[in-house]
Amino acid sequence: MMEILYQGHGSVRVTTASGIVLFLDPCAGDGYDVPADVVLITHQHCDHNQVQLVTIKDDAEIFSPSSMLRYGEYQSVQIKGINVTAVPAYNRNHPKEECVGYVVNADGIRIYFAGDTSRIHEMKNLKELEMHYAFFPGDGYYNMDVTEAESCADDVGAKYSVPIHLMPYHGQQGALFSEEKASRFRPKGALILRPGHKIVTRKSADGVEHDIIDA
């Protein structure tokens, strides 16, 4: 049973069935007191890289574009039973050579974190991986809006697609979520996850299903 906690803005915490804890783009919300085994940073903007918020285990690993995008090649790592692969992420506000998205594979569940990006042709390459969950930004300021994010969700074809990073975030007074924008995200398999709520996965005859609970 995997748990995926949406902390708010672009911040997500994943806990595998064996208790391995992974943070993506720490910045917003609560839940940083759980010690981390892995931290993934998509790029070095201040609303994605607040690693000091995270309780870090002595043997934890932190990955960022500097380690996962080397000489133009996207890297993969295997750590504590989790496979992490960097993939392209870019737009006019996020240079391709400085940003990545991630595909995380653990417990037989495949998750795509798009990072800060717009619709890019490389997303179509992910469809064959048959993602279970995909997380897309949709603020419409520094990234694509939710209409474009719907097209990305169609390109990737995950079973469930989740809108995040729906408003600019400016420190502790920043907005963690936009109900209005989330309501306009309607691809097949749309899943609205609000800050402080988490996906608790379970196996079913049809593959992976889940419950959504308040953390």
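The model shown is predicted, which means the values in this text are computed figures rather than measured ones. (Residues numbered from 1 in each chain as written. Predicted model: local features only at pLDDT ≥ 70, side-chain atom pairs only at ≥ 80, totals over all residues. Heavy atoms only, no water.)

### Some points on the nonpolar core
Alright, step 1. Counting residues in each nonpolar core, the largest one holds 56 residues, and the members touching the most others are Tyr112, Tyr133, Phe135 and Phe136.
Alright, step 2. Leave out the neighbours within four places in its chain, and Phe135 touches Ile4, Val12, Ile111, Tyr112, Phe113, Ala114, Val162, Ile164 and Leu193.
Alright, step 3. One finds Val21, Phe23, Val39 and Ile41 within the second-largest nonpolar core, a separate group that totals seven residues. (Core = buried A, V, L, I, M, F, W, Y, C linked by side-chain atoms within 4.5 Å. Buried < 20%, exposed > 50% of the residue type's maximum accessible area, 1.4 Å probe, protein only. Contact = heavy atoms within 4.5 Å.)

### Some thoughts on the pattern of salt bridges
Alright, step 1. The final tally for this structure, using the stated rule, is 10 salt bridges.
Alright, step 2. For the salt bridge of Glu3 with Lys198, the shortest nitrogen-to-oxygen distance reads 2.9 Å. Separated by 195 residues along the polypeptide, Glu3 in strand β1 (residues 3–8) and Lys198 in strand β14 (residues 197–204) bring together distant segments of the chain.
Alright, step 3. According to the relative accessible area criterion, Glu3 is partly exposed, its value standing at 22%.
Alright, step 4. For Lys198, a relative accessible area of 12% corresponds to the buried category.
Alright, step 5. Between Lys80 and Asp59 there is a salt bridge, with the nearest N and O atoms lying 3.1 Å from each other. Of the two residues, Lys80 sits in the loop between β8 (76–79) and β9 (82–88) while Asp59 sits in strand β5 (residues 56–63), which places them 21 residues apart along the sequence. (Salt bridge = Lys/Arg side-chain N within 4 Å of Asp/Glu carboxyl O. Helix = DSSP H or I, 4+ residues; strand = E, 2+ residues; numbered from the N terminus.)

### Comments concerning the side chain of Asp47
Alright, step 1. Within the element layout of this structure, Asp47 appears in the loop between β4 (36–40) and β5.
Alright, step 2. For the buried Asp47, which has no salt bridge, the nearest side chain bearing the opposite charge is Lys181, at an N-O separation of 12 Å.
Alright, step 3. Polar side-chain contacts of Asp47 include one of 2.8 Å to the side chain of His9. (Lys, Arg positive; Asp, Glu negative; His and termini not counted. Polar contact = N/O pair within 3.5 Å; in protein donor to acceptor, adjacent residues only side chain to side chain.)

### Notes on helix α2 (residues 146–156)
Alright, step 1. If you check which residues of α2 are buried, you get Val146, Ala149, Cys152, Ala153, Asp155 and Val156. Buried residues of α2, viewed axially, fall in a sector of 160°; they line one side.
Alright, step 2. The secondary structure elements touched by the buried residues of α2 are β11 (109–113), β12 (133–137), β13 (160–164) and α3 (179–183).
Alright, step 3. Its side-chain oxygen 3.2 Å from the backbone nitrogen of Thr147, Asp145 forms the N-cap of α2.
Alright, step 4. Once α2 finishes, Gly157 follows within two positions and takes phi at roughly 70°, a positive value. (Arc of directions from axis to C-beta.)

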